Amino acid sequence: MVAVVTGGTRGIGLAIAKALIAKDFSVIISSRNLGEKAKKLIEKYPEKAFYFAADISKESDISALVCFAKEKFGAVDLLINNAGVAPKERKDILEITPEDFSYVTDINLRGTFFVTQKLVPLLAESDSARIVNISSMSAYTASVNRGEYCIAKAGISMITKLFAARLAEMGISVIEIRPGIIETDMTAKVKEKYEAMIADGITPIKRMGQPEDIAKCVAAVADGNFDFCTGTVIDCDGGFSVRCL
């Protein structure tokens, strides 16, 4: 079994790569930069982990990634669309520039769409292909100081539905996983803020999520447990999505 994990060199993506290797997948880990943790993983599993440098905001890099997967394996069984960036600077939506907007959406949204589109022929070569899109609680939760991120994640929800509808006839299921407040490099600068909010009850489970929590959800999808649930959402958010009185 072969998996492609975008944004797979740190945080959630790296945890997913590790979980899939443990399930005996060969994993193509794609990202703009390798990083020391991912390098150690590849050195530990040289026959299972393969790094390919790609910036998915660039069409040429997406094409190169697809060519690498085709030449190396001929088919792909699992695509994990995890690559994403936070805004370089949190700005009120009245102050966001077109450059700010494009930086986030070109990777998080446009990149996700075209990676999926371009890898469909290789997924179609598999007897049990699956796609997992990692979105966010920000897909439906407004943060006015990072609106471009929320818009991109909301767009991933529609990408999930669109490809689920289009690819069902090919036997390819598409699942969206929505992480909540996860302890990663992306949230490091606001960790104290989130911990205070969690202590005050914003989530029923009183802790930040860990990348491994998301990886467990991906592993369940990889096992085929959600094949009849194509187009659905798995909220991995400590109960943030639960409405309580």
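The model shown is predicted, which means the values in this text are computed figures rather than measured ones.

Novice: Which parts of the structure should I look at to understand the pattern of salt bridges?
Specialist: For side chains of opposite charge, pairing can occur when their charged atoms come near one another. Applying the stated criterion across every chain yields a total of 10 salt bridges. Between Glu 183 and Lys 191 there is a salt bridge whose closest N-O contact spans 2.7 Å. Exposure remark for Glu 183: the relative accessible area of 31% places this residue in the partly exposed category. The exposure class of Lys 191 is partly exposed, given its relative accessible area of 28%. Residues participating in the shared-partner salt-bridge network are Glu 183, Lys 191 and Glu 195.

Novice: Just to check I follow, could you spell out the sheet that holds strand S3 (residues 49-53) for this structure?
Specialist: The strands that make up a sheet are held in pairs by hydrogen bonds between backbone atoms, and each pair lies either parallel or antiparallel. Pairing is parallel across the open sheet formed by seven strands, whose spatial order is S3-S2-S1-S4-S5-S6-S7. Only two strands of the sheet have a single neighbouring strand rather than two, namely S3 and strand S7 (233-236). Within this sheet the neighbouring strands show an average axis-to-axis angle of 20 degrees, counted without direction. Sheet topology note: the strand S4 (residues 78-81)/strand S5 (residues 130-134) ladder contains four bridges and is parallel. Looking across to S5, one finds that Leu 79 is bridged to Ile 131.

Novice: When you look at helix H1 (residues 11-22) in this model, what are you seeing that I'm missing?
Specialist: Structurally, the α-helix is built with 3.6 residues per turn, so residues lying three or four positions apart point the same way. Here H1 is 12 residues long and its end C-alpha atoms lie 17 Å apart, about the 16 Å a rise of 1.5 Å per residue gives. Burial within H1 is extensive, with nine of its 12 residues counted as buried. Those residues of H1 that sit buried are Ile 12, Gly 13, Leu 14, Ala 15, Ile 16, Ala 17, Ala 19, Leu 20 and Ile 21.

Novice: Can you help me understand the side chain of Asn 81 in this one?
Specialist: Mapped onto the fold, Asn 81 is located in strand S4. Those residues within four positions of Asn 81 in sequence are excluded, and the remaining contacts are Thr 6, Thr 112, Val 115, Thr 116, Ile 131, Val 132, Asn 133 and Ile 134.

Novice: Can you walk me through a positive patch on the surface in this structure?
Specialist: Together, Lys 18, Lys 37, Lys 40 and Lys 44 make up a positively charged patch on the protein surface. A per-element tally of the positive patch places helix H2 (residues 36-44) first, with three residues. Looking at the element boundaries, Lys 37 is found in helix H2.

Novice: Honestly, the packing of helix H3 (residues 59-73) against helix H4 (residues 98-123) in this entry has me stumped. Any pointers?
Specialist: Relative placement of two packed helices is described by the angle separating their axes and the distance separating the axes. As a packed pair, H3 and H4 sit with axes 10 Å apart at the nearest point and diverge in direction by 30 degrees. On the basis of the axis angle, H3 is roughly parallel to H4. The interaxial crossing formed by H3 with H4 has right-handed handedness. Contact with H3, carried on its side by Ile 62, Val 66, Ala 69 and Lys 70, involves Gly 111, Phe 114, Val 115, Lys 118, Leu 119 and Leu 122 of H4 and no other residues of that element. Here the contact of H3 with H4 is composed, by residue class, of seven nonpolar, one polar and two charged.

Novice: I'm lost on the environment of Arg 146 in this one. Help?
Specialist: Secondary-structure assignment places Arg 146 in the loop between S5 and helix H5 (147-167). The residues contacting Arg 146, other than those within four sequence positions of it, are Pro 87, Arg 90, Lys 91, Ser 138 and Tyr 194.

Novice: Looking at this model, I keep getting lost on the packing of aromatic side chains. Mind explaining?
Specialist: For any pair of aromatic rings, geometry is given as the distance between the ring centres together with the angle between the planes. Going through the model one piece at a time under the given rule, you end up with five aromatic pairs. Geometrically, the ring pair formed by Phe 113 and Phe 163 is tilted, given 5.4 Å between the ring centres and 55 degrees between the ring planes. With a gap of 50 residues between them, Phe 113 in helix H4 and Phe 163 in helix H5 connect regions that are remote in the sequence. Classification of Phe 113 as partly exposed rests on a relative accessible area of 26%. Summarising the aromatic geometry, the rings of Tyr 140 and Phe 240 are spaced 6.4 Å apart at their centres and angled 45 degrees between planes, so their arrangement reads as tilted. Separated by 100 residues along the polypeptide, Tyr 140 in the loop between S5 and H5 and Phe 240 in the segment after S7 bring together distant segments of the chain. Taken together, the ring pairs in this structure connect Phe 113, Phe 114 and Phe 163 into an aromatic cluster. Positioned over the ring face of Tyr 103 is Lys 88, at 4.6 Å from the centre of the ring.

Each value, and the rule that gives it
Residues numbered from 1 in each chain as written. Predicted model: local features only at pLDDT ≥ 70, side-chain atom pairs only at ≥ 80, totals over all residues. Heavy atoms only, no water. Salt bridge = Lys/Arg side-chain N within 4 Å of Asp/Glu carboxyl O. Buried < 20%, exposed > 50% of the residue type's maximum accessible area, 1.4 Å probe, protein only. Pairing = 2+ DSSP bridges. Helix = DSSP H or I, 4+ residues; strand = E, 2+ residues; numbered from the N terminus. Axes fitted to C-alpha atoms, helices over the stretch in contact; angles between N-to-C directions. Expected span 1.5 Å × (residues − 1). Contact = heavy atoms within 4.5 Å. Patch = residues over 30% accessible without salt bridge, like charges linked within 9 Å, V, L, I, M, F, W, Y side chains within 5 Å. Areas by Shrake-Rupley, 256 points an atom, 1.4 Å probe, with all protein chains shown as cover. Lys, Arg positive; Asp, Glu negative; His and termini not counted. Charge placed at Lys NZ, Arg CZ, Asp CG, Glu CD. Parallel < 35°, antiparallel > 145°, perpendicular 65-115°, else oblique. Left-handed = near helix turned anticlockwise from the far one by under 90°. Nonpolar A, V, L, I, M, F, W, Y, C, P; charged D, E, K, R; others polar. Phe/Tyr/Trp six-rings, centres within 6.5 Å; stacked < 30°, edge-to-face > 60°. Lys NZ or Arg CZ within 6 Å of the ring centre and 35° of its normal.

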